Amino acid sequence: DADAALDLVGEFSRPAVAIVKHANPCGVAIDDDPSRAYAKALACDPLSAYGGIVALNRTLDGATAEQIARLFTEVVIAPDATAEARAVLAARRNLRLLLAAPAAPDELMLRSVAGGLLVQERDRAGVDGLELKVVTERPPTEVELADLRFAFAVCKHVRSNAIVFVKGGATVGIGAGQMSRLDSVAIAVRKAAETATAAGEAPGTVGSVVASDAFFPFADGLEAALAAGATAVIQPGGSVRDAEVIAAANRAGAAMVFTGRRHFRH
């Protein structure tokens with residue numbers, strides 16, 4: 001879990017925080033202030049964050065450590081930590097602070113298989129190098145485009161089938177590891193609605209963007225995401241029903257971009 005969390009925050013040049021449980025993120029955010037990034041990441045799914053792993057791609061400061069210490073956390077991992085941050089976390093029982101930098105992108109990954117070992121390259125596809133293709137009548141706004149790129153970067157680290165809703169540089173709903181992409185959408189929407197109800201707010205999916213780690217095989221998953229309030233979509237494309245999916249986005253006035261690359265994390 002710590003490795004997965006550290007790998008995720010390594011995607012971003014801006015200060016980033018990820019909260020991971022069972023190798024899946026339950027909240028990710030970027031912000032120039034790491035303490036705000038943590039607050040935004042936690043707000044995605046505070047219930048699931050209990051007992052999780054928190055990773056940062058910046059030095060852990062005292063203010064952020066104070067916030068983290070308010071919730072039971074198993075591990076905090078960051079490139080470094082200030083003396084104040086170390087003192088804050090040292091006062092918490094059963095919490096481990098690990099100091100490590102994200103892995104280099106060219107490092108190999110090892111996976112055990114029956115009777116052997118699989119050595120493979122990491123998924124090194126970053127969003128900055130992708131040539132995004134606008135396939136709908138409406139192109140995404142600059143604000144939507146920034147969130148779409150962030151959402152697709154997070155989606156790379158979510159177990160497939162993966163669906164990620166994002167608004168304002170923070171995840172607001174995540175659906176992971178389902179056999180049906182429609183089920184992943186439903187889980188992300190439900191979790192976002194439950195979190196919003198508990199906070200007395202409107203669901204974060206309203207006015208959000210959504211990322212899918214692979215193409216939508218049917219329009220139903222996309223339609224469910226749009227019904228939840230998403231206004232823009234990023235996905236690889238490549239389905240034999242791409243035309244139907246694009247038509248559904250156009251009917252809703254949504255923007256959609258294709259990346260031409262899928263992730264399928266397992």
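The coordinates are above.
Residues numbered from 1 in each chain as written. Predicted model: local features only at pLDDT ≥ 70, side-chain atom pairs only at ≥ 80, totals over all residues. Heavy atoms only, no water.

Peer 1: Break down the sheet that holds strand β12 (residues 232-235) for me, citing the residues and quoting the values.
Peer 2: Spatial strand order, β8-β13-β12-β11-β9-β10: 6 strands in an open sheet with mixed pairing. This sheet does not close on itself; its edge strands, each paired only once, are β8 (133-134) and β10 (171-175). Bridge count for strand β9 (residues 163-166) against β10 is 4 bridges, and the pairing is antiparallel. Paired with Val-164 across the two strands is Ile-174, which belongs to β10. With respect to the sheet, helix α6 (residues 142-155) is in contact with β9, β10, β11 (209-212), β12 and β13 (255-258), its orientation differing from that of β11 by roughly 35 degrees. Contacting β12 and β13, helix α9 (residues 242-251) runs over the sheet at an angle of about 150 degrees to β13. (Pairing = 2+ DSSP bridges. Helix = DSSP H or I, 4+ residues; strand = E, 2+ residues; numbered from the N terminus. Contact = heavy atoms within 4.5 Å. Axes fitted to C-alpha atoms, helices over the stretch in contact; angles between N-to-C directions.)

Peer 1: Provide a residue-level description of the packing of aromatic side chains, including the pertinent values.
Peer 2: Summed over all chains, the structure comprises 2 aromatic pairs. Pairing Phe-12 with Phe-150 gives two aromatic rings, centres 5.1 Å apart and planes at 35 degrees, and the pair type is tilted. Taken together, the residues span a long stretch of sequence, with Phe-12 in the loop between α1 (2-9) and β1 (16-21) and Phe-150 in helix α6 at a distance of 138 residues. Phe-150 matches Phe-12 in its accessibility class, with the two residues each being buried. Seen from their ring centres, Tyr-50 and Phe-72 are 5.3 Å apart, and the 55 degrees between their planes marks the pair as tilted. Of the two residues, Tyr-50 is situated in the loop between α3 (46-49) and β3 (52-56) and Phe-72 in the loop between α4 (62-69) and β4 (73-78); the sequence distance between them amounts to 22 residues. According to the relative accessible area criterion, Tyr-50 is partly exposed, its value standing at 49%. (Phe/Tyr/Trp six-rings, centres within 6.5 Å; stacked < 30°, edge-to-face > 60°. Buried < 20%, exposed > 50% of the residue type's maximum accessible area, 1.4 Å probe, protein only.)

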